[in-house]
Amino acid sequence: MNASEGAAESSPELSVLCAHDVLSNSDLFYVHFDERGCSVTLGFSRVHGNEGVEFFLRFHEVRDVRVRGWGAPGQKDVHVERATDGTVQVSASSEGSSLRFRAAGATLSRTRNFLAARSS
């Protein structure tokens, strides 16, 4: 979500995490559709040096879901934006795959910090 437009559940941390540069520079490693709650949870991971963070964004009252192919976990071009009708529009795409949906709102459902191994 654009920081100037505010997050669906109005958390400053959520607004920062939903920024295009944060999401698109993170690995999208988890996508879970829950039909019981009409929700989608997306899991992201970022590593900087020896430290990493995982965070999960849960979108509720999801509709208009479109999925075309799906590649391996990794960086995707991810957009989370507030539409003029008040819904949240989400898209995640990479070469040969895309995910799009609309949601009533979003919450930060979980974060986890971890130590990461140095790559050689």
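I will try to describe carefully the structure that is included in this document. Just so it is clear, the structure is predicted and the values come from calculations on it, not from any experiment. (Residues numbered from 1 in each chain as written. Predicted model: local features only at pLDDT ≥ 70, side-chain atom pairs only at ≥ 80, totals over all residues. Heavy atoms only, no water.)

Let's talk about the sheet that holds strand E2 (residues 39-48)
Through backbone hydrogen bonds, the strands of a sheet pair up, either in parallel or in antiparallel fashion.
Item 1. Pairing in this open sheet of 5 strands is antiparallel, and the strands run E5-E1-E2-E3-E9 from one edge to the other. Of all strands in the sheet, those with a lone pairing partner are strand E5 (74-75) and strand E9 (105-115), marking the two edges.
Item 2. Pairing analysis gives 9 bridges linking E2 to strand E3 (residues 51-60), with the strands arranged antiparallel. Residue pairing for E3: Ser45 is matched across the bridge by Glu54. (Pairing = 2+ DSSP bridges. Helix = DSSP H or I, 4+ residues; strand = E, 2+ residues; numbered from the N terminus.)

Some words on the pairing of E3
Item 1. Of all 10 residues making up E3, 7 are buried, and the element is well covered by its neighbours.
Item 2. When E3 meets E9, the two strands line up antiparallel, connected through 10 bridges. Paired with Glu51 across the strands is Leu115, a residue of E9. (Buried < 20%, exposed > 50% of the residue type's maximum accessible area, 1.4 Å probe, protein only.)

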